[in-house]
Amino acid sequence: MSTIKFLTGIASIALMFTAASCDKADKTTRSSNSNAKVATATTVTSDNSCVACLCESGVDSAQTTGVLLSDVGVYNKWDIVPSNFCGTGPQVTFEGQFNSIIRGADGWTIGYLNGVSYNTNLADLTCSNVASNIVPTAGNFIGNENPTSCPTCPGYYNYSTGAFTRLVTASKCCPENGTIKTYVIKVTTLDAYSPDQYATFSSKVIYEYKCFTCSWTGACPTTPASRASGVTEHEDWKEIPAMFMKNAKK
């Protein structure tokens, strides 16, 4: 079973993990409190990256260190960490509190696999259960399940219980090329901790990914209308649930 290790011993600050490559390389950034801009996704593209996967699968991780205690709950105080699947990215970035928000980058559209269990082994997936089950998310990002800012929005983990709930997708849909290319992302660890008695906090995301280039004709997948309205860009977390207080020190 997957594990979410998280955070702290201060119950009223706040929380929310990525990055990249075929050969499993950890990437570490020290928080600079920057607020970098990331390219927004497009729905249809003739980008060559739609045509075929350059590598099939991998395991990767990324981390941010040195976020001050007073900044833990502020979304933009955590560095934006880009992925680089197969050396061709970034396809996504992990950002927000503890880098737990996954956002599409450089024309990639974020979504999830509807009706496919999180516990599914990525090696068991095929185009038949990937392409037809992609559901893009409002705002081109995904994080915790049912956030306060959007009670009906889907997420890939549950903020209260710590369970992982969905497989995430990053897609480029190219009906003019007859394809949809999708990275399926399975986050297996969200690890947030304080190495120095709560003076600063660090985070690490570990995730598996697998690439699929599938046949596609007709309109690209669209975000369900019921989930597209009234969604704010993000929220600053107001308190830390008990599940995040178990592993504060390392």
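Residues numbered from 1 in each chain as written. Predicted model: local features only at pLDDT ≥ 70, side-chain atom pairs only at ≥ 80, totals over all residues. Heavy atoms only, no water.

Visitor: How should I be thinking about the state of the cysteines in this particular structure?
Guide: By definition, a disulfide links the sulfur atoms of two cysteines through a covalent bond. Across all of its chains, the model carries 3 disulfides by this definition. Across the disulfide, C127 is cross-linked to C214 (sulfur-sulfur distance 2.1 Å). With the S-S dihedral at roughly -85 degrees, the linkage between C127 and C214 falls on the left-handed side. On the criterion of sequence distance, the pair formed by C127 in helix α1 (residues 127-130) and C214 in strand β12 (residues 200-215) is long-range, its members being 87 residues apart. Its relative accessible area of 32% is what places C127 among the partly exposed residues. In this model, C173 is linked to C220 through a disulfide, with the two sulfur atoms separated by 2.1 Å. Looking down the S-S bond of the C173 and C220 bridge, the torsion is -90 degrees, so its handedness is left-handed. You can see C173 sitting in strand β10 (residues 168-174) and its partner C220 sitting in the segment after β12, a full 47 residues away along the chain. Overall, C220 belongs to the buried group, its relative accessible area being 10%. (Disulfide = S-S within 2.5 Å. Helix = DSSP H or I, 4+ residues; strand = E, 2+ residues; numbered from the N terminus. Buried < 20%, exposed > 50% of the residue type's maximum accessible area, 1.4 Å probe, protein only.)

Visitor: Sorry if this is basic, but what is going on with the pairing of strand β3 (residues 57-68) here?
Guide: Residues in a regular strand project their side chains so that they alternate between the two faces of the sheet. Among the 12 residues in β3, 9 count as buried, and that is most of the element. As judged from the 10 bridges shared by β3 and β12, these two strands associate in the antiparallel manner. Of the residues in β12, the one forming a bridge with A62 is V205. (Pairing = 2+ DSSP bridges.)

Visitor: I keep staring at the pairing of strand β5 (residues 92-95) and nothing clicks. Help me out?
Guide: The two faces of β5 match: V92 and F94 on one face and T93 and E95 on the other face are all buried. Hairpin connection between β5 and strand β6 (residues 101-104): a loop of 5 residues separates the two successive antiparallel strands, and G96 in this loop has a positive phi of roughly 75 degrees.

Visitor: I'm lost on the environment of A219 in this one. Help?
Guide: Tracing the backbone shows A219 in the segment after β12. For A219, a relative accessible area of 67% translates into the label exposed. Considering only alpha carbons, one finds A219 and C173, 46 residues apart in sequence, at a separation of 8.9 Å.

Visitor: It is not clear to me how the nonpolar core should be interpreted in this structure. Could you clarify?
Guide: Counting residues in hydrophobic clusters, the biggest one holds 40 residues, and the most contacted among them are I102, L125, Y156 and V187. Sorting the residues of this core by element identifies β5, β7 (109-113), β8 (134-136), β10, β11 (179-193) and β12 as the ones contributing at least two each. Apart from residues lying up to four places away in sequence, L125 is in contact with L113, V116, T120, V130, L167, V184, K210 and F212. By size, the runner-up hydrophobic cluster in this structure holds 6 residues, among which are V67, V72, W78 and F201. (Core = buried A, V, L, I, M, F, W, Y, C linked by side-chain atoms within 4.5 Å. Contact = heavy atoms within 4.5 Å.)

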